[in-house]
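Residue-level structural notes
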Amino acid sequence: FCAAAAHSFSVFALSAGAVSFGQIVKAAEPAFAAVVGVSLYNKKVSTGKWLCLIPVIGGVVLASVKELDFAWSALITASIANLFAAFKANENAKLMSTPGISDRLGNVGNQFAITTLLAFLISIPVAAIREGSKFGEFLTLAGTNDIVL
């Protein structure tokens, strides 16, 4: 669920304002992951990692200040996407530390594949609700334009 929500909110953020601004906010994802990990998962983050977040956060702040097309909706949806991505990362790490799971999944690559497939399946209803009304237009375009397919 978290992977699908992170992707969906990222797409919403990029359509809610300037793409550059959405990407700027999404660049703060490591900071969100660190705060969620420490506050909700009782993870320890080394001093070096916290110090490495300073230029990331500072760069995001500086880039946001210079961004001419600031949109609250893009900021909020990109921040929600970052939160879901942080939960996804922490939950995946917690899952792989569960005894027996890593033996059954094989490796982290397989876990990523399963997470991505589940996110795709969860995203289908969201896409149908948001974009389903345009499907007929897509089929017409696909039938008349060779570039589409």
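Residues numbered from 1 in each chain as written. Predicted model: local features only at pLDDT ≥ 70, side-chain atom pairs only at ≥ 80, totals over all residues. Heavy atoms only, no water.

Brief notes about the overall build of the protein chain
As a reminder, the rule being used: Helix and strand assignments follow DSSP, with helices taken as H or I runs no shorter than four residues and strands as E runs no shorter than two, numbered in order from the N terminus. Based on C-alpha atoms, the radius of gyration is set beside the globule rule, defined as 2.2 Å times the residue count to the power 0.38. Three labels apply to residues, based on accessible area from a 1.4 Å probe with only protein chains included: buried if under 20% of the type maximum, exposed if over 50%, partly exposed otherwise in between.
The helix and strand tally for the protein chain stands at eight helices and zero strands. Ordering the α and β elements of the protein chain from the N terminus gives α-α-α-α-α-α-α-α. Over its C-alpha atoms the protein chain spans a radius of gyration of 19 Å, topping by over 25% the 15 Å that the globule rule assigns to 149 residues. Across its three principal directions, the C-alpha atoms of the protein chain cover 60 × 50 × 25 Å. When the 149 residues of the protein chain are sorted by exposure, 28% land in the buried category.

Observations concerning the packing of aromatic side chains
Applied cut-off: Classification of ring pairs rests on two measures: the distance between centres of Phe, Tyr or Trp rings, Trp counted by its six-membered ring, which must be within 6.5 Å, and the angle between planes, read as stacked under 30 degrees, edge-to-face over 60 and tilted in between.
In this structure the tally under the stated criterion is five aromatic pairs. Arranged with centres 5.7 Å apart and planes meeting at 80°, the rings of Phe1 and Phe84 form a pair that is edge-to-face. Residue Phe1 is located in the segment before helix H1 (2–16), and its partner Phe84 is located in helix H5 (residues 72–96); the two are separated by 83 residues in the primary sequence. Centroid distance Phe9 to Phe84: 5.8 Å. Interplanar angle 15°. Geometry classified as stacked.

Quick look at the side chain of Ser123
Condition: Whether two residues are in contact is decided by their heavy atoms: any pair within 4.5 Å suffices.
Assignment of secondary structure puts Ser123 in helix H7 (residues 108–131). For Ser123, the residues in contact, after removing those within four places along its chain, are Ala4 and Ser8.

Re the pattern of salt bridges
Worth spelling out the cut-off: Only one rule defines a salt bridge in this text: a Lys or Arg side-chain nitrogen within 4 Å of an Asp or Glu carboxyl oxygen.
Under the counting rule described, the total for this entry stands at three salt bridges. With a closest N to O distance of 3.1 Å, Glu29 and Lys26 form a salt bridge. What makes Glu29 partly exposed here is its relative accessible area of 28%. Note that Lys94 and Glu91 form a salt bridge whose closest N and O atoms lie 3.7 Å from each other. In this pair, Lys94 and Glu91 both sit in helix H5, three residues apart, roughly one turn of the helix. The class for Lys94 is partly exposed, based on a relative accessible area of 46%.

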